[in-house]
Amino acid sequence: MLDYETLKIVWWLLVGVLLIGFAVMDGHDMGVGTLLPFVGRDDTERRVVINTVGPHWDGNQVWFITGGGAIFAAWPLVYATAFSGFYWAMLAVLWALFFRPVGFDYRSKIADPRWRSTWDWGLFVGGAVPPLIFGVAFGNLLQGVPFHFDANLVPYYTGSFWALLNPFALLCGVVSSAMITFHGGIYLMHRTEGDIQARARLAVLGAGTVVLVGFTAAGVWLWADVPGYAIGSAIDPAGPANPLAKTVVRAPGAWLANYGRHTWMLLAPVLGYAGVLLGMLLAWRGRTLTAFVASSFGIAGIIATPGVSMFPFVMPSSTHPGSSLTAWDSVSSHLTLGIMFWATLIFMPLVVVYTSWAYRVMAGKVTAAYVREHSHSAY
Amino acid sequence: MVSDALVDLSRLQFAATAMYHFLFVPLTLGMTWILVIMESVYVMTGKTVYRDMTQFWGKLFGINFALGVTTGITLEFQFGTNWAYYSHYVGDVFGAPLAIEGLMAFFLESTFIGLFFFGWDRLSRVQHLVVTVLMAIGTNLSALWILVANGWMQNPVGAEFSFVTMRMEMTDFWAVLFNHDAQAKFVHTVSAGYVTGAVFVLALSSWYLLRGRDIAFAKRSFRIAAAFGFASACSVIVLGDESGYSVSEAQKTKLAAMEASWETEAAPAGLNLVAGINEKEMRNDWEVKIPWVLGIIGTRSVDRQLPGIKELRVHNAGRIASGVEAVRALETLRRDPADAAARERFEAHKADLGFGLLLKKYVASMDEVTPALIERAAADTIPAVAPMFWSFRIMVALGFMFFALFGLAFWHSLRNTFQDRRWLLRWAFWSLPTPWIASELGWFVAEYGRQPWTIYGVLPTHLSVSTLTVESLYGSIAGFVGFYTILLVAELYLMVKFARQGPGSLGTGRYAGEPSHA
């Protein structure tokens, strides 16, 4: 078995992989949901849009569920502290997601236009709200979150929901939303034709621009005005996981220090920019499949950027920096990390294989004719 | 200290959302296999009616499945949002099966359900059947992993408390996986799901037969449901009995409560068929007893005793007293991990740590503990008897009713005489809600019966909650009630609409009441 320190790093990487997997896979159908009311102008068009992701959204959503489960298993203190601290934000995500299964499955089972239009907006909410909130959450993680532990490691969150909606966090939310819309738009271009495709193309170019500008603005803001955190005491990466065993200091510029120490980490923001730019260019040229690959890499780079900036921090505490959660001390035991590593190593490739097969089976353009022919069975 | 109101509201929210989720799960579990059977017949015989059956029952399955997915996410979130200390304290053990459930089961189920609905034109017959089978396997595997997690809450094997990290840590994954409670729960729960699916198909098929429409379709559906249901009803009873076999202490407490056994009887104990329960005086005012049966079910022997409630309380009071020492030693150790004397005392009383934590409901420090308080905490270790006793009895009675219903349905379908037995068809139709009642009661017995613990003997419920405000809980409960009511209305509306339309809703032109534009 791998040693404890290595497993802690592996799990930091795997959580990142799962989050990126979620953003790439569930992200494109959330982007499609966000664009639905705008690129589909009548019922048939909207059904075309919905059916591009109809067979896949459910499997994609499992990235989200598995990501949550993996954080529970690998970083139980993060799961406990973040989910309970961000109580209303998590409930907002959850309730927004409620609209998706029923929106997809129930919408077209009744012909009434008000019913259908209600669920179209439901799918919009289910697609638009979660990425926005996750972006806002990242913005808050970067600033530090007001929480602490007592001696029994009971987490106490002392902030309010409204304090989460601060300007920097909202900017991160905008970047996240635009990134998901961009990605969904490219997918939609790939799977549709004609008017829908043309509208999706406009959305891609617009959202891509917002991502580039927003990502840059957030980076500058972070450099100029968001102090980071640094571990002030010696920490034993191979030691048992108790977050109270260290001291932490708030330090301006600390979030950029990693790039000085490990220059290769600059790959993350570079990949973010390159992926989005290339995605825009290829989408503009109509090379939708390669554009989708490019935007997937762009997403990976953009998500990895705050990840590597904060490493080893995962959830710093603004009120009691010593309670901050890091990849070294908020993790599961050596045995559990090892078992979960092997489980992931075995099952993740299988998931990728059969998901790819499912996409291959359903490949091709979704058209108005398809929706008409399958009016009883399609979404 | 955490307020009782917060604990009660957190429990209410979890119970309500879990039981609501469990309205959809059993039907999903059962329907997937029924679809596999129907489609297998289609692939083997090539008869279109079997494909129509797969598609029509699949449509109803899909309406149900959508809400299963919706409400399932709530549960995964809720450990973190509302049970933060629980998540920290046992996440090392409990999180793993949940994550593996996602990786191994949810992906499989959810990816292939998409192809099940949309792949008819794009896959060969055999390929599509394989898709359906994989979907069914995924669904059932997810039940396995969640029940491994739940079984560990009942019987926390394969883990040990670490005072450095202040939590339970896994020591033996295979012990967690092959936990007797988990395996017994898994087979009993999936069988209950199969019964639910079978009753659903049997009841609606009977309704079509009673109305004399889509006869060929309904008869074939009835036959499949009767055969599958008969096998499932047998297994739900046999395997339910296996969950009754008490190997763990949690089971002993539950068994004593659900059987209203106040006193320890000489082996083999008799089974109270019905009783007048008097919780205050801790006795039954009257009882109708069958000799021997309980002892045999509970111990698989005629000579081993099953402890009664009073004995369990005395036993638990002893463990609480020992637990006080464990909590004290732990507090010393946390101040000075090198204190060898404290370490020794802690190791000696470690097994009872959870029992000591029960007192934290009443006092902040172990110095305030009195013998009267220990008695009070010991009384807490026994769940209320009457709700356990009656819930269990109704569930078991329904189990036997399923056995009778499917026995007769199967018999008459073998002889091809069910179509004229209108009493049987009516019985089948009116049985429609009963498997849900049985499933919810089973859930209640398992979870309420574990109180006052979230993890039996390890972590008391009142310590498990997130430190939220009571107002937050009122807000979130109101939100869940609102959303879930709307969703249920939409679901039932569609379910009734399509069930009434019957196979005509496929728009093939082969069935009664086709939509005019087909």
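These numbers were taken from a predicted model, which means no experiment stands behind them. (Residues numbered from 1 in each chain as written. Chains lettered and ligands numbered in written order. Predicted model: local features only at pLDDT ≥ 70, side-chain atom pairs only at ≥ 80, totals over all residues. Heavy atoms only, no water.)

Two measures describe an aromatic ring pair: the distance that separates the ring centres and the angle between the ring planes. All names here are of chain B. Scanning all chains against the criterion turns up 76 aromatic pairs over all chains. Ring plane angle 70° and centroid distance 6.2 Å describe the contact between Trp 57 and Phe 200, whose orientation is recorded as edge-to-face. Of the two residues, Trp 57 is situated in helix H3 (residues 48–82) and Phe 200 in helix H7 (residues 180–210); the sequence distance between them amounts to 143 residues. The two residues Trp 57 and Phe 200 agree in class, both being buried. (Phe/Tyr/Trp six-rings, centres within 6.5 Å; stacked < 30°, edge-to-face > 60°. Helix = DSSP H or I, 4+ residues; strand = E, 2+ residues; numbered from the N terminus. Buried < 20%, exposed > 50% of the residue type's maximum accessible area, 1.4 Å probe, protein only.)

What follows is about the domain arrangement of chain B. Residues and elements named next belong to chain B. The domain architecture assigned to chain B consists of domain 1 (4–245 + 384–448 + 469–506) and domain 2 (247–383). A separation of 33 Å is found between the C-alpha centroids of domain 1 and domain 2. If you look at the interface, domain 1 gives 27 residues, while domain 2 gives 34 residues. The junction of domain 1 with domain 2 conceals about 2,600 Å² of combined surface from both sides, 62% of it contributed by carbon and sulfur atoms. Considering only the side of domain 1, the residues that lose the most area to domain 2 are Phe 163, Tyr 245 and Val 385, jointly responsible for 30% of the buried surface there. On inspection of domain 1 and its partner domain 2, the count reaches two salt bridges. At the boundary of domain 1 with domain 2, the tally comes to 11 residue pairs in polar contact (both at pLDDT 80 or more). Among the elements that make up the side of domain 1 that touches domain 2, the one with the highest residue count is helix H15 (residues 385–414) (eight residues). (Domains from an automatic or database assignment. Contact = heavy atoms within 4.5 Å. Buried area = accessible area lost by both parts, 1.4 Å probe. Salt bridge = Lys/Arg side-chain N within 4 Å of Asp/Glu carboxyl O. Polar contact = N/O pair within 3.5 Å; in protein donor to acceptor, adjacent residues only side chain to side chain.)

Attention shifts here to the pairing of strand S1 (residues 159–162) of chain B. Residue and element names in this part refer to chain B. Across four bridges, the pairing between S1 and strand S2 (residues 167–170) is antiparallel. What sits directly across from Phe 161, in S2, is Met 168. Linking two consecutive strands that pair antiparallel, namely S1 and S2, is a turn of four residues; a positive phi of about 55° is found at Met 166 within it. (Pairing = 2+ DSSP bridges.)

Turning next to the nonpolar core. Counting residues in hydrophobic clusters, the biggest one holds 298 residues, and the most contacted among them are Phe 86 of chain A together with Trp 57, Tyr 89 and Phe 200 of chain B. Counting residues per element, this core draws most heavily on helix H4 (residues 84–118) of chain B, at 20 residues. With sequence-adjacent residues up to four places away left out, Trp 57 of chain B is seen in contact with Met 31, Leu 35, Met 38, Phe 200, Val 201, Leu 204, Ser 205, Tyr 208, Phe 217 and Ser 221 of chain B. Within the second largest apolar cluster, 11 residues are counted, among which are Met 282, Ile 309, Leu 312 and Val 385 of chain B. (Core = buried A, V, L, I, M, F, W, Y, C linked by side-chain atoms within 4.5 Å.)

All names here are of chain A. What the rule picks out here adds up to 27 salt bridges over all chains. The closest approach of N and O atoms between Arg 100 and Asp 26, which form a salt bridge, is 2.8 Å. Residue Arg 100 is located in helix H5 (residues 87–106), and its partner Asp 26 is located in helix H1 (residues 4–39); the two are separated by 74 residues in the primary sequence. Like Asp 26, Arg 100 is buried. When the shortest N-O distance is used, the salt bridge between Lys 246 and Asp 329 registers 2.8 Å. With Lys 246 in the loop between strand S3 (228–231) and strand S4 (248–251) and Asp 329 in the loop between strand S6 (325–326) and helix H12 (334–361), this residue pair connects regions lying 83 residues apart in the sequence. Summarising the burial analysis for this pair, Lys 246 and Asp 329 share the class buried.

Turning our eyes to something else, we now look at helix H5 (residues 125–154) of chain B. Here H5 of chain B is 30 residues long and its end C-alpha atoms lie 44 Å apart, about the 44 Å a rise of 1.5 Å per residue gives. Burial of H5 of chain B is extensive: 22 of the 30 residues sit out of reach of the surface. (Expected span 1.5 Å × (residues − 1).)

Taken residue by residue, the interface counts 82 residues in chain B and 74 residues in chain A. When chain B packs against chain A, the two sides together hide about 6,700 Å² of surface, and 73% of this comes from carbon and sulfur. For the pair chain B and chain A, the number of links is zero salt bridges. Between chain B and chain A we count 21 residue pairs in polar contact (both at pLDDT 80 or more) in total. Elements with a contribution of two residues or more to the side of chain B that touches chain A: H3, H4, H5, S2 and helix H19 (470–501) of chain B. Partitioning the side of chain B that touches chain A into residue classes produces 42 nonpolar, 28 polar and 12 charged. (Nonpolar A, V, L, I, M, F, W, Y, C, P; charged D, E, K, R; others polar.)

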